[in-house]
Amino acid sequence: MRHTASGSIYRLGLALFDLEQPEICLQRGDSWVFGPEEWYERHGDVNDVVFPCGQTIGADGDTINLYYGAADSSMALATGSITALLAWLDANSGSDEEWNRERGRSARIG
Amino acid sequence: MSNDSNTSESHVESHTGLPLFTRCAANPILTQSHWPYPINSVLNAGVVRLPDGDTLLLCRVEDRRGLSHLCAARSANGVDNWVIDPQPTLAPCPREFPEEIWGIEDPRITYVPELEQYAVAYTSFARGGPGVSLALTRDFKTFERYGVIMQPEDKDAALLPRRIGGRWALIHRPVTTLGAHMWISYSPDLRHWGGHKIMLEARRGGWWDANKIGLSSPPIETPKGWLTI
């Protein structure tokens, strides 16, 4: 969440965690991937919010139907692909030098 | 009013040059005008596909007093023709659970094969602040409440669908004076929680995810890891 002079903006990012040790973050997206743009996301009881609490996966095992609250007022739907989200993480993670350094240090200590 | 020409595409593109997320042309798919009883707003629904193929949204519904409860909406295609419960599906029960006196919010649903039940982690809101409560259900008609499993201030929780190293795992987001980060905690019985570890810290400075970061929908298990939004 980003605080700005006019309030906060709720946006979505991606991360990947280890299957058997989920506290270990494998990849963290450098930038957000989905944010308020449409009128129903920008204006409502709380402006500039996209807030998903759940999804369904399509019969193909890859389509993600992401349901999200829009501006604390209504429900909306956006569709994506798990394969594409994972590929995006491969191409768009690891640019945070501060975070990389921290992880390197904790790995050496551990 | 709505953008009725085409679906609207997120400006962030995948490796193929296609958008990562494409908005549904019917958005918004559920508003207060759909509701069978007077409400203020509908938002932040937990989601599950039922065995009969229907999509169920367990919506957070804010009533005209400003307090929230949960109400189920079902649809065959997950887009329209929603059948909405005629009254609240899971309403606050402050007499037995005083932590819900200001309402219940933002459910995340996980189907747990070992229990053959759905676990609903939701925010319970009272004078002490927002905390994490848990309820189990088989049918979204009757619920077994576990009460508060993470005390305030804490929210944005989801149970992982299987045990990790023999223990249940809950992702959640406690708040401290230094920020709001994602944590994971473990339990042998869904009631007693420990083994707390930080999963992901909010960044600082100008980063887009500075100061506060939390789980959105429940993680998706993929061969590469838990994909988390």
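Above this text is the structure in question.
Residues numbered from 1 in each chain as written. Chains lettered and ligands numbered in written order. Predicted model: local features only at pLDDT ≥ 70, side-chain atom pairs only at ≥ 80, totals over all residues.

### Comments concerning the overall build of chain A
Item 1. Looking only at helices and strands, one finds 3 helices and 7 strands in chain A.
Item 2. Its helices and strands in sequence order give chain A the pattern β-β-β-β-α-β-β-β-α-α, from N to C terminus.
Item 3. Here chain A, with 110 residues, has 41% of them falling under the buried criterion.
Item 4. Considering only contacts in chain A between residues 6 or more positions apart, those separated by 24 or more positions represent 40%. (Helix = DSSP H or I, 4+ residues; strand = E, 2+ residues; numbered from the N terminus. Buried ≥ 20, exposed ≤ 12 C-beta atoms within 10 Å, placed from the backbone. Contact = placed C-beta atoms within 7 Å.)

### Details of the pairing of strand E14 (residues 194–200) of chain B
Residue and element names in this part refer to chain B.
Item 1. In terms of strand pairing, strand E13 (residues 182–187) meets E14 through 4 bridges, oriented antiparallel. Directly across from Met182, in E14, lies its bridge partner Leu200.
Item 2. If you look at the hairpin formed by E13 and E14, you'll find 6 residues sitting between the two strands, and Leu190 has a positive phi there, around 70°. (Pairing = 2+ DSSP bridges.)

### A few points about the interface of chain B and chain A
Item 1. Contacts between the two partners involve 60 residues from chain B, matched on the other side by 53 residues from chain A.
Item 2. Contributions of two or more residues to the side of chain B that touches chain A are made by strand E1 (22–23), strand E2 (41–49), strand E3 (55–62), strand E6 (104–112), E14, strand E15 (220–222) and strand E16 (225–228) of chain B.
Item 3. Sort the elements by how many residues they give to the side of chain B that touches chain A and E2(B) lands first, with 9 residues.
Item 4. Residue classes in the side of chain B that touches chain A are distributed as 31 nonpolar, 20 polar and 9 charged.
Item 5. As judged from the 2 bridges shared by strand E7 (residues 74–81) of chain A and E1(B), these two strands associate in the antiparallel manner. (Nonpolar A, V, L, I, M, F, W, Y, C, P; charged D, E, K, R; others polar.)

### Details of the sheet that holds E16(B)
Item 1. Within the open sheet, the 4 strands sit side by side as E4(A)-E3(A)-E16(B)-E15(B). Their pairing is antiparallel. Because the sheet does not close on itself, it has two edges, and the strands there are strand E4 (25–28) of chain A together with E15 of chain B. With strand direction ignored, the average angle separating the axes of adjacent strands in the sheet is 25°.
Item 2. Looking at chain direction, strand E3 (residues 15–17) of chain A and E16(B) are connected through 3 bridges and run antiparallel. Bridge pairing in E16(B) places Phe17(A) opposite Trp226(B). (Axes fitted to C-alpha atoms, helices over the stretch in contact; angles between N-to-C directions.)

### Things to note about unusual backbone geometry
Item 1. The residue after Asn27(B), namely Pro28(B), is reached through a cis peptide bond having omega -10°.
Item 2. With respect to the helices and strands, Pro28(B) occurs in the loop between E1 and E2.
Item 3. Omega for the bond connecting Pro152(B) with Glu153(B) falls within 30 degrees of zero, at -5°, which places this linkage in the cis form.
Item 4. Turning to its location among the elements, Glu153(B) is positioned in the loop between strand E9 (143–150) and strand E10 (154–159).
Item 5. The phi dihedral of Asp72(A) falls on the positive side, at around 55°, and the residue is not glycine.
Item 6. If you trace the backbone, Asp72(A) turns up in the loop between strand E6 (63–70) and E7.
Item 7. Note on Asp72(A): 19 C-beta atoms within 10 Å, which makes it partly exposed.
Item 8. One non-glycine residue, Glu116(B), lies in the positive phi region at around 50°.
Item 9. In this structure, Glu116(B) sits in the loop between E6 and strand E7 (117–126).

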